[in-house]
Amino acid sequence: MSPLRQLLPGVKVRQAKIFAVDIQRKVVTIFQGEQRRYTEVGFDHLIIALGQTSNLAHIPGLAEHALPMKSMADALELRNHVIEKLEHADVTEMAEVKGQLLTFAVVGAGFSGVETAGEIKDLVDRSLQYYPNIDPAEVRVVVLEFGDRILPELPESLASYAQMKLTKRGIEVLLNTGVTEATATQIVTSDGQLLGTRTVIATVGNAATEVVQEMNLPQKRGRIYVERTLQVAGHQNIWALGDAALVPMQEGATEDGDFAPPTAQFAVREARLVARNIETVLQGGTPSPFLYRSKGALASLGSSRGVAEVFGIRITGFAAWILWRSYYLSFAPGFGTKLRIAVNWLLDSLINRSTVQIKTRRRAAARYVRYRAGDKVFEHGNRADGLYSVLEGSFELIIKTPDGSVATQRTFRRGEHFGERVLLGEGLRTGSVRAVEDSRALMLDSDDFQKLTRGMSAFRMIFAKELGLGEEPSPRSAGEAGDV
């Protein structure tokens, strides 16, 4: 991993959460920092490279219980999760629970699904020496694919070879099999099977990010539709690439093969073309269409085996695996990053796998916060961050009119709460709150407050009654109520 600031000398980098994009005004609204104050950043040209997110809502329970596989953070979470299941399985005396703990289900058999299954099998097999109460025969890694073959991006002969190798390693491949339901302890397949498992990894369900969906740009197949120049259809100064974009490779593209696949190989070339085309447009020239022919495709099967098609030549086994690693190493930015990755790969092949869980501390949804007298909790214009309940001390609310005079002033003391009205509506804080004295409060994050109001009628009715909104809070009336 390399920091963007190191990779992009001379480029101003700003890491923030995108709230909205106003195409007409040419402005991106972002939130940054603890107080979530919004900032508007203007643009002349906008490049959208946000990738895609996972949308698993169409399968009951999958969004709640499946682990995504989209980023390095997802991979780290999965690694910790697998080790945690091994730890539990080693000590449990309940056969049913042990079976669920040692069954790892991967939904989707594209590149991500196959490579994830292979790496899970590697991690588990090489870690079992530390878990004497787990028999290797008790471990199940299952890949479920709704289609009639795995790795549809590769020729059928290579896909068949890959499936044979996975099966030989003990990985079960269920074709023509989807998932219709998921719970914390099992999944139900499309053919009615019940598979007991406490680990489900979803590599399917790709969808546009929320920001992209709200931009109202032309979309096809869940991605932004662009011209061959990578300009968003109907917009001369907005460009899209990578997983976020549907890039036609020829005029009149209609079939799957007519569009660029969402892979790093194509995204790198698309990025270079966007840079050249923007420069050309700024100089008054005509942008060029995207032209690129794939050099091939590669996939790792784990256990130092892989499959590859390069310039029409099909390669399997160890040679394909080495080629796969060399190819992705070449894309790593910077010599230092390449060296670190190469050394890690070398050590991984020579010594045992580490079973240390690298835990990351997550901020609790409900947490205690302390303020000194005069400290600001939030200010007018901040994005609503949560609900505050006063435990000790007192807090003062001030709402001002446009001319700067005080319109509302109120003090919250022990047992009272503030900040909920905007959470039940839409918009920004309309007032400012500060601690009058040394004070302490219980804060509930906005996302979890929303979940509680949607899922618990008693909780919802408490705030609806206090705010005079009736039994069902209305987002519109809450946002217009003029409180914090």
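For the structure, check the block above.
Note that the structure is a prediction, hence the values are computed from the model and not measured.

Conventions and cut-offs
- Residues numbered from 1 in each chain as written.
- Predicted model: local features only at pLDDT ≥ 70, side-chain atom pairs only at ≥ 80, totals over all residues.
- Heavy atoms only, no water.
- Helix = DSSP H or I, 4+ residues; strand = E, 2+ residues; numbered from the N terminus.
- Buried < 20%, exposed > 50% of the residue type's maximum accessible area, 1.4 Å probe, protein only.
- Contact = heavy atoms within 4.5 Å.
- Lys, Arg positive; Asp, Glu negative; His and termini not counted.
- Charge placed at Lys NZ, Arg CZ, Asp CG, Glu CD.
- Salt bridge = Lys/Arg side-chain N within 4 Å of Asp/Glu carboxyl O.
- 1 Å grid on protein atoms, 1.4 Å probe; cavity = no way out; pocket = protein on both sides within 12 Å on 5 of 7 lines; lining within 4 Å.
- Points joined across faces, edges and corners; volume = space filled by probe spheres on them.
- Nonpolar A, V, L, I, M, F, W, Y, C, P; charged D, E, K, R; others polar.
- Pairing = 2+ DSSP bridges.
- Axes fitted to C-alpha atoms, helices over the stretch in contact; angles between N-to-C directions.
- Expected span 1.5 Å × (residues − 1).
- Arc of directions from axis to C-beta.
- Parallel < 35°, antiparallel > 145°, perpendicular 65-115°, else oblique.
- Left-handed = near helix turned anticlockwise from the far one by under 90°.

A.B. asks: Just checking my understanding: could you explain the overall build of the protein for this structure?
C.D. replies: Broken down by element type, the protein carries 14 helices and 29 strands. When its C-alpha atoms are laid out on the principal axes, the protein stretches across 75 × 70 × 45 Å. Per-residue burial for the protein yields a buried fraction of 43% across its 484 residues. Contacts in the protein between residues at least 24 apart in sequence constitute 64% of all its contacts with a sequence separation of at least 6. Across the protein, 57 positive and 56 negative side-chain charges occur, with their mean positions spaced 5 Å apart.

A.B. asks: Mind showing me how you'd approach the pattern of salt bridges here?
C.D. replies: Opposite charge on two side chains makes pairing possible when the charged atoms of those side chains draw close. Considering all chains together, one arrives at 15 salt bridges under this definition. Lys376 is paired through a salt bridge with Glu379; the nearest N and O atoms lie 3.2 Å apart. Look at Lys376 and you get exposed, because its relative accessible area is 51%.

A.B. asks: Please clarify how empty space enclosed by the protein should be interpreted in this entry.
C.D. replies: Think of a ball as big as a water molecule: rolled over the atoms, this probe shows where empty space is left. In this structure the tally under the stated criterion is one cavity of 30 Å³ or more. A volume near 30 Å³ is recorded for the largest cavity. As for the largest cavity, its lining consists of Arg223, Gly242, Asp243, Ala245, Ala260, Pro261, Pro262, Thr263, Phe266, Ala267 and Glu270. With three residues, helix α8 (residues 264-282) is the single largest residue contributor to the lining of the largest cavity. Tallied by class, the residues present in the lining of the largest cavity amount to six nonpolar, two polar and three charged.

A.B. asks: I'm lost on the sheet that holds strand β10 (residues 179-182) in this one. Help?
C.D. replies: Pairing between the strands of a sheet comes from backbone hydrogen bonds, and it takes one of two forms, parallel or antiparallel. Read across the sheet, three strands follow the order β10-β11-β12 without closing on themselves; strand pairing throughout is antiparallel. The open sheet has two edge strands with one neighbour each: β10 and β12 (194-196). Looking at each pair of strands side by side, their axes are set apart by 25° on average, direction ignored. As defined by bridge partners, strand β11 (residues 186-189) adjoins β12 across three bridges and the pair is classed as antiparallel. Residue pairing in the sheet places Val188 in a bridge with Leu194 of β12.

A.B. asks: What should I look at first to understand the layout of surface pockets in this one?
C.D. replies: There is about 1400 Å³ of room inside the second largest pocket. Sorting the residues of the lining of the second largest pocket by element identifies α1 (4-7), β1 (17-22), β2 (27-32), β3 (37-42), β4 (46-48) and α8 as the ones contributing at least two each. Tallying contributions element by element places α8 first for the lining of the second largest pocket, with four residues. Tallied by class, the residues present in the lining of the second largest pocket amount to 24 nonpolar, three polar and three charged.

A.B. asks: Mind showing me how you'd approach the pairing of β1 here?
C.D. replies: Each regular strand carries side chains that alternate between the two faces of the sheet. Summarising the sheet, β1 and β2 pair through five bridges and their orientation is antiparallel. What sits directly across from Ile18, in β2, is Ile30. Connecting β1 to the next strand, β2, in antiparallel fashion are four residues, including Lys26 with a positive phi near 60°.

A.B. asks: Is there a simple way to think about the pairing of strand β22 (residues 366-371) in this case?
C.D. replies: Only one face of β22 is covered, namely the one carrying Arg367, Val369 and Tyr371; the face carrying Ala366, Tyr368 and Arg370 has none of its residues buried. Bridge count between β22 and strand β29 (residues 439-445): six bridges; the pairing is antiparallel. Residue pairing for β29: Val369 is matched across the bridge by Ala441.

A.B. asks: Hey, could you run me through unusual backbone geometry in this one?
C.D. replies: Note on backbone geometry: most residues besides glycine have negative phi, and most peptide bonds are trans. Look at Asn216: it is not a glycine, yet its phi comes out positive at around 55°. Examined against the element boundaries, Asn216 turns out to sit in the loop between α7 (210-214) and β15 (219-220). Backbone geometry places Ser303, a non-glycine residue, at a positive phi of 55°. Within the fold, Ser303 resides in the loop between β19 (296-302) and β20 (305-310).

A.B. asks: Would you mind showing me how to read helix α9 (residues 318-331) here?
C.D. replies: Three or four residues apart is the spacing at which side chains of an α-helix point the same way, because the helix has 3.6 residues per turn. Here α9 contains 14 residues, and its C-alpha end-to-end distance of 20 Å stays within 8% of the 20 Å for a straight helix at 1.5 Å per residue. Among the residues of α9, those classed as buried are Ala320, Trp321, Trp324 and Arg325. Across the axial projection of α9, the buried residues extend over an arc of 135°, all falling on one side. At its buried positions, α9 is contacted by α5 (111-127), β19, β20, β21 (313-317) and α10 (335-350).

A.B. asks: Would you explain the packing of α9 against α10 in this entry?
C.D. replies: A packed helix pair is summarised by two numbers, namely the angle formed by the two axes and the spacing between the axes. For the pair α9 and α10, interaxial distance at closest approach is 9 Å and the crossing angle is 155°. Relative to α10, the element α9 lies roughly antiparallel. α9 and α10 meet at a crossing whose hand is right-handed. On α10, the residues touching Arg325, Leu329 and Ser330 of α9 are Lys338, Ile341, Ala342, Trp345 and Asp348. For the contact of α9 with α10, the class distribution of residues is four nonpolar, one polar and three charged.

A.B. asks: Explanation requested: the side chain of Lys121 in the structure shown.
C.D. replies: Along the chain, the position of Lys121 falls in helix α5. By relative accessible area, Lys121 is classed as buried at 9%. Not counting chain neighbours up to four residues away, the residues in contact with Lys121 comprise Val141, Arg169, Gly170 and Ile171.

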